[in-house]
Amino acid sequence: MNKRMIALISTMLVTALTGCSSAASNNSPANNGGSDAKPETLRIAMGSPGEGLIKVWETIGKEFEAQHQGIKVEFSYQDDDTYQTIGLPNLLSGKNAPDLYFEWAGQRLQTRVTDGYAADITEQLQSSGLKDMFAEGTFNGMVIDGKTYMIPTAGDVTNVIFYNKAVFNDLGLQPPATWEEFLKVCETIKQAGITPLVIGNSDLWTAGNWVAHIISRVVGEDAYSEAMQLKQPFNSPDFVKAYGYVQELWDKGYINENVTAASDSEADMLFLNGSGAMHPIGSWLAPTAVEETPELELGYFNTPAIPDGKGNQDSVIGVLNGMVVNKNSKLIDEAIEFMKLYSSPESSKKLSDAGAVPITKDGIDKETMLPLSLELNDLMENAPALVSPPDTGYSIEVANALNMATSEVIGGAKSPEEALAELETTIAPLK
Amino acid sequence: MSGRSNKFSPYLFISPALLLFGFVVLVPVLMTFVFSFYDWNGIGTMKFTGFDNYIRAFQDRVYMNSYGHTLIYIVATVFVEVIAGLGLAGLITMGRKGSGLFRLAFFVPVMLPMIVVSYLWKFVYNSDFGLINILLEKIGLESWTRVWLGNPDTALYAICIVSGWVYAGFYMTIFYSGIQRISREVYESAYLDGAGEGQIFFKIKVPMIRNLVETGIMLCVLTGFQSFDLFYVMTNGGPYNSTEIVTTYLVKVVFTHMSIGYGSALAVIMTIVIAVIGLVAGRLNKKDSSVLEY
């Protein structure tokens, strides 16, 4: 009895073990024999671009397979939040690491380069002609120490101030160009009984991004960037001054009362339904607005110029993203080939039909694209200085600390000095 | 049967369970402990830093405050969950008409998924179109309206109330089943002696299920440390970290900041805190056993 049980269990264990090992050996392509070249897989990883765009990616994948015998294209899509945090690092350190993956330009790309997951593709871009398919400004934040590490796929202006044209017309207002005018506009709107600015800052990045732009205007782009990289302190008179402008907005009652509780999409809806006159958010609002409230007349202006600001007063805050070739990939040239196919006018047409905004020179279809999206695209490409938002451009921990301080100032909970002092304590262990 | 195989076979029998336990519990626990001494982002190189992570944890204002918030939450939930549940159990066992309906009504929130509850109450607390603020405006108490979840003074209590709304029904069910076991004769003699419902509740029902109430409080305290979903969905620690509890902060540190080492240290400290509370509570429980038997 006893012996039989032992035999049974040991057989179970043995089968389990051999089961594992045989599965493993099946996976290795070595013994597949027969075909001339063993089939290779080009793995591509990204967040979730949405149903429509996934179809386009897969069509392009099929085309690529048809053109390149013996290469299989495999896509892996993840939930955006997961991809941005643990998803991509897991994939990269895993066994079947992607050959081509989505990433944000700026600090995040820098991290990949440092960790050895990004290939220097400067030469390949030149020789394949990919480089000439984009405007020079499109590679903003993708060149590190003179080497290019990314093929751009899309860009977003993360903050302009959208405004309700109907409200502005009724009150006889013009989009303000300076901060002083901006405050006057806010006051007039407030007097008319409408909330001047709606912001949904429960996740901290919404106001965080916009205020970072104000900061960069006041302290200068370099000072902002250096502070974000902990090369100089946040608690300086310039930062206090920048936060002072933000504090004034709250103190004068120009911001919706529930700024700290509302989420970004709630604020979008409040604005689109006419509960507020202005809304500082990114270019992605344009398609949402057309879908949700087609009758709403939407205008936009860049963050107004701030008097005596040390930064470029025409700067634009935005992110560029694109695809990175894995340094450890065996298919670097194929990955470049794939991106060339992706950036071709034909593919761009498919992409814009699916609602994306391709950023190749000839990919932008001026007729079918939303006029507002087109304008915002121009705004970014012609920007004399492109400021990176804290959470995509820099270390996420520093970004969160700054965004927390911002939320305390914009919600009226702390004075600029207190918020910045607290920020310094929070980031002290990171130095 | 030979003695030799007998010695060997018990280990073989428990080996599957032991291996499973080892891989899913023991190894991760030990790894977490090891990671807590390193500076590590999950993929890059691991740098040994000794007790730096622990020192940092004790200087971390947000982390230390999160224990305070957890404590407030636990104390509040003992009242709004256990004590309220006890009261409800007393009410529905009074034998009045329709108490079955109320029993069901109070229990329904327990069956709802926490995520659904959280979103539901987010709407209730919404400052623009939320039920509470609209109600206050309608009855002329406009000055009482608040941005409930956006105000650091009210957000934590607002969450506690939701927790009570859900779990009062759960504790009620536990106490209800306890009270059901009290035999009828006890009530009958009490009635004959002229006791009212209030006296029956405080002098018969509560003392006779004291064991259950103690267990309920214990459960409430220990699960207080595990709560996560409600906080994560309703405020995610905001506004200004005023509702940050240990678990939500841990998730932020590990998954948003990618500080596996520091996060591990925070988790180890939390484990120690819970273990100590559990041990102390166990001691206190053993001391008095003067419970009414029935």
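As annotated in an unreviewed UniProt entry, chain B is Raffinose/stachyose/melibiose transport system permease protein from Paenibacillus silagei. For the record of chain B, the UniProt heading Sequence similarities (unreviewed entry) holds the text "Belongs to the binding-protein-dependent transport system permease family."

Under an unreviewed UniProt entry, the name given to chain A is ABC-type glycerol-3-phosphate transport system substrate-binding protein, and the source organism is Paenibacillus silagei.

## Quick look at the interface of chain B and chain A
Where the parts come together, the accessible area they lose is often given as the size of the interface. Between chain B and chain A, the contact holds 23 residues from the first and 30 residues from the second. Carbon and sulfur atoms supply 63% of the area that chain B and chain A bury against each other, a total of about 2600 Å² over both sides. Counting across the interface, chain B meets chain A through two salt bridges. Here R56(B) and E397(A) are joined by a salt bridge, their closest N and O atoms 3.1 Å apart. Our count for the contact surface shared by chain B and chain A stands at ten residue pairs in polar contact (both at pLDDT 80 or more). Listed by contribution, the elements that provide at least two residues to the side of chain B that touches chain A are helix 1 (3-35) and helix 12 (246-256) of chain B. Broken down by element, the side of chain B that touches chain A gets its largest block of residues, four residues, from helix 1 of chain B. Looking at the side of chain B that touches chain A residue by residue, the class counts come to ten nonpolar, ten polar and three charged.

## A short note on the packing of aromatic side chains
Applying the stated criterion across every chain, the model contains 35 aromatic pairs over all chains. Taking 5.3 Å as the distance between ring centres and 70° as the angle between the ring planes, the aromatic pair formed by F64(A) and F338(A) counts as edge-to-face. Placement of the pair is F64(A) in helix 2 (residues 51-67) and F338(A) in helix 13 (residues 332-343), with a sequence separation of 274 residues. On the basis of relative accessibility, which here comes to 0%, the residue F338(A) falls in the buried class. A ring pair is formed by F33(B) and F37(B), whose centres lie 5.4 Å apart and whose planes are at 85°; its orientation type is edge-to-face. Relative accessible area serves as the criterion here: at 42%, F33(B) is assigned to the partly exposed category. Judged by relative accessible area, which is 15%, F37(B) ranks as buried.

## A look at the UniProt feature "domain: ABC transmembrane type-1" (unreviewed entry) in chain B
UniProt's entry tags residues 67-281 of chain B with the feature "domain: ABC transmembrane type-1" (unreviewed entry), counted in the numbering of this structure. Helix makes up 74% of residues 67-281 of chain B and strand 0%, whereas the separation of the span's terminal C-alpha atoms amounts to 18 Å.

## Description of the pattern of salt bridges
This model, assessed by the stated rule, comprises 13 salt bridges over all chains. R43(A) serves as the salt-bridge partner of E74(A), at 3.7 Å between the closest nitrogen and oxygen. In this pair, E74(A) sits in strand 2 (residues 71-77) while R43(A) sits in strand 1 (residues 40-46), placing the two residues 31 residues apart along the sequence. Across the pair E63(A) and K350(A) runs a salt bridge, and its minimum N-O distance is 2.6 Å. Taken together, the positions of E63(A) in helix 2 and K350(A) in helix 14 (residues 345-353) put the pair 287 residues apart, joining distant regions of the chain. Overall, the relative accessible area of 28% leaves K350(A) in the partly exposed class. Several salt bridges converge on common partners, so that one network encompasses E408(A), K414(A), E422(A) and R61(B).

The rules behind each value
- Residues numbered from 1 in each chain as written.
- Chains lettered and ligands numbered in written order.
- Predicted model: local features only at pLDDT ≥ 70, side-chain atom pairs only at ≥ 80, totals over all residues.
- Heavy atoms only, no water.
- UniProt positions renumbered as here; feature names shortened; annotations may be inferred.
- Contact = heavy atoms within 4.5 Å.
- Buried area = accessible area lost by both parts, 1.4 Å probe.
- Salt bridge = Lys/Arg side-chain N within 4 Å of Asp/Glu carboxyl O.
- Polar contact = N/O pair within 3.5 Å; in protein donor to acceptor, adjacent residues only side chain to side chain.
- Helix = DSSP H or I, 4+ residues; strand = E, 2+ residues; numbered from the N terminus.
- Nonpolar A, V, L, I, M, F, W, Y, C, P; charged D, E, K, R; others polar.
- Phe/Tyr/Trp six-rings, centres within 6.5 Å; stacked < 30°, edge-to-face > 60°.
- Buried < 20%, exposed > 50% of the residue type's maximum accessible area, 1.4 Å probe, protein only.

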